[in-house]
Amino acid sequence: MAQKVEKRKKLQDAISKFIQNQSNRLHELAVAHDVSDKQVKDILGLKTHYHKECRVDKYNLEDIQNLVDNDLRYKQLSAKEEQDYIIQLNEYHTLKMSGAHTNNVSAAQDAVAVMDRISKELHALCDQAGIYATVLMVQGHINDQVQSMWIATDNAHKFWEDRMNLVLDDIACQFEEWACNQKKNISEREDLASLQKQAAAIMLSKLCHTTGKWDLTMNYQNYEKAIVLACGVKLDSWPEGLPFLAPSHMHTVLEVRSLRDALVTGAFYWKKLNWLELEQVHTDIQRRSDTGEVIGTVHKKRSDAGKSHKHKVADSATDASVDNNVPDVAKTNGQSKRTHQSHKGKQAERQKRSQPTSAEFIEDSDEEGSNSGPE
């Protein structure tokens with residue numbers, strides 16, 4: 001044991017001496033060539049040229065403003081170039097807000113950060129305004145790594161215990177089970193049927209919010225007459241390259257997704273029209289109609305359209321033969337009118353008809369005569 005300790009000590013002394021000699025030699029080289037010791041060490045490769053951790057350069061608003069002010073390319077921008085940069089920035093913000101994460105870990109970290117921010121704002125609002133709030137967040141798929149979380153301001157959790165006889169932990173577990181059974185993960189939300197439903201619902205919701213009428217239905221076939229003229233709104237900036245059809249009539253995922261994304265981002269929207277614009281639309285429709293163009297969908301006319309249809313008059317004799325109990329037909333102004341029976345009267349009539357016309361048991365007249373005759 002003592003020999004091992006002595007050997008280890010000799011090795012450490014030798015390494016220390018070697019390092020000291022190396023440092024002296026490096027310093028001599030630096031002095032001879034009029035450079036710093038650090039530069040000589042970097043040339044010899046004694047410095048690692050990689051970072052053990054991923055470093056992301058983050059700039060605050062002041063740093064970004066200084067970079068823009070010092071860059072000559074941004075000092076002579078035209079109005080169109082400035083607008084293009086603003087559009088690109090808005091698209092980047094929208095992507096950051098609604099884009100999918102690369103993996104489940106980053107999604108879980110984002111969920112925790114958002115819930116932490118919501119918790120701070122809700123508790124601050126509770127102190128300022130005295131509000132009560134409960135927030136539940138659970139994962140939407142069994143493969144997600146988001147942990148179930150809930151936030152309750154003040155003693156709001158007591159409501160669920162007193163009125164519902166449930167604690168929030170149990171509610172969160174049931175909510176998570178229900179959410180996972182919905183099977184609404186990213187891949188299943190992006191199928192054709194789901195995208196069609198999403199696009200149609202967003203379209204109708206934005207139409208109702210714009211007009212303030214909540215009983216409307218979207219009409220694509222008679223769009224100009226039933227929507228534009230009737231409601232005073234129109235769709236502005238319809239996605240280029242997409243046919244003007246209902247989402248249910250689009251048969252590719254790419255088309256419906258483009259329509260859905262444009263609705264969500266606000267790339268096209270419902271625009272209210274003033275009276276002058278409405279008059280222009282009405283004039284344009286009238287002009288096109290006068291030239292023979294079919295506006296919207298025209299329903300097929302009946303083959304007997306324009307002909308008079310006579311109503312059949314009930315015969316009093318036929319009415320009397322149906323039921324003797326029905327009152328006679330009253331004649332007014334030379335026309336007969338059938339008196340309507342009540343529901344109870346018709347039911348009694350059916351029961352009466354179902355009864356047999358003969359008695360169930362009859363007595364034999366011959367047998368009675370033989371018993372009563374002389375012996």
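Heads up: the structure comes first, above all this text.
Each chain has its residues counted from 1, running along the sequence as written. Whole-chain, interface and lining totals are the exception, using all residues; otherwise, since this is a predicted model, local features are given only for residues with pLDDT of at least 70 and side-chain atom pairs are given and counted only at 80 or more. For the side-chain quantities, the full set of heavy atoms in the structure was used; hydrogens and water were omitted.

Engineer: Which residues make up the packing of aromatic side chains, and what values do they have?
Structural biologist: For any two aromatic rings, the description comes down to two numbers: the centre-to-centre distance and the angle of the planes. Only Phe, Tyr and Trp rings take part, Trp by its six-membered ring, and two of them pair if their centres are within 6.5 Å. Stacked means planes under 30 degrees apart, edge-to-face means over 60, and tilted covers everything else. On inspection of all chains with the given rule, the structure shows 7 aromatic pairs. Centroid distance Tyr-223 to Trp-270: 6.5 Å. Interplanar angle 45°. Geometry classified as tilted. On the criterion of sequence distance, the pair formed by Tyr-223 in helix α10 (residues 223-231) and Trp-270 in strand β4 (residues 269-272) is long-range, its members being 47 residues apart. For the residue pair Tyr-223 and Trp-270, the accessibility class agrees, reading buried in each case. Counting every residue linked through ring pairs, the aromatic cluster contains Tyr-220, Tyr-223, Trp-238, Phe-244, Phe-268 and Trp-270. Numbering of helices and strands starts at the N terminus; helices are DSSP runs of H or I of at least 4 residues and strands are runs of E of at least 2. Whether a residue is buried, partly exposed or exposed follows from its accessible area with a 1.4 Å probe, protein chains only, as a fraction of its type maximum: under 20%, in between, or over 50%, in that order.

Engineer: So what about unusual backbone geometry? Which residues, and what values?
Structural biologist: Positioned with a positive phi, Asp-34 is a non-glycine residue whose angle comes to about 60°. In this fold, Asp-34 is placed in the loop between α1 (2-32) and α2 (37-44). What makes Asp-34 exposed here is its relative accessible area of 72%.

Engineer: Which residues make up the nonpolar core, and what values do they have?
Structural biologist: The biggest cluster of nonpolar side chains holds 24 residues, and the ones touching the most others in it are Met-203, Met-218, Leu-235, Trp-238, Leu-259, Phe-268 and Trp-270. Those elements that provide at least two residues to this core are α9 (192-211), α10, β3 (233-236) and α11 (253-265). Sequence-distant contacts of Trp-238, that is, excluding residues within four places in its chain, are made with Met-203, Pro-243, Phe-244, Leu-245, Met-250, Leu-259 and Phe-268. Membership of the second largest hydrophobic core comes to 8 residues, among which are Ala-108, Leu-122, Met-137 and Val-146. Nonpolar cores are built from buried Ala, Val, Leu, Ile, Met, Phe, Trp, Tyr and Cys residues. Side-chain atoms within 4.5 Å join them into one set. Whether two residues are in contact is decided by their heavy atoms, any of which lying within 4.5 Å being enough.

Engineer: An account of the packing of α9 against α11 is needed here, citing residue identities and associated values.
Structural biologist: Two numbers describe a pair of packed helices, the interaxial angle and the distance between the axes. Think of each axis as a best-fit line through the C-alpha atoms, taken over the contacting stretch in the case of a helix, with angles from 0 to 180 degrees between the N-to-C directions. α11 packs onto α9 with a crossing angle of 30° between their chain directions and a minimal axis gap of 9 Å. When the axis of α9 is compared with that of α11, the two are roughly parallel. Of the two possible hands of crossing, α9 and α11 adopt the one that is left-handed. Residues Leu-192, Leu-195, Gln-196, Gln-198, Ala-199, Ile-202, Met-203 and Lys-206 of α9 form the contact with α11, whose own contacting residues are Val-253, Val-256, Arg-257, Leu-259, Arg-260, Leu-263 and Val-264. Classification convention: Asp, Glu, Lys, Arg as charged; Ala, Val, Leu, Ile, Met, Phe, Trp, Tyr, Cys, Pro as nonpolar; all other residues, Gly among them, as polar. Looking at the contact of α9 with α11, its residues break down into 10 nonpolar, 2 polar and 3 charged. Put simply, angles under 35 degrees are roughly parallel, angles over 145 are roughly antiparallel, angles from 65 to 115 are roughly perpendicular, and the rest are oblique. Rotating anticlockwise by less than a right angle from the far helix to the near helix defines a left-handed crossing, while the corresponding clockwise rotation defines a right-handed one.

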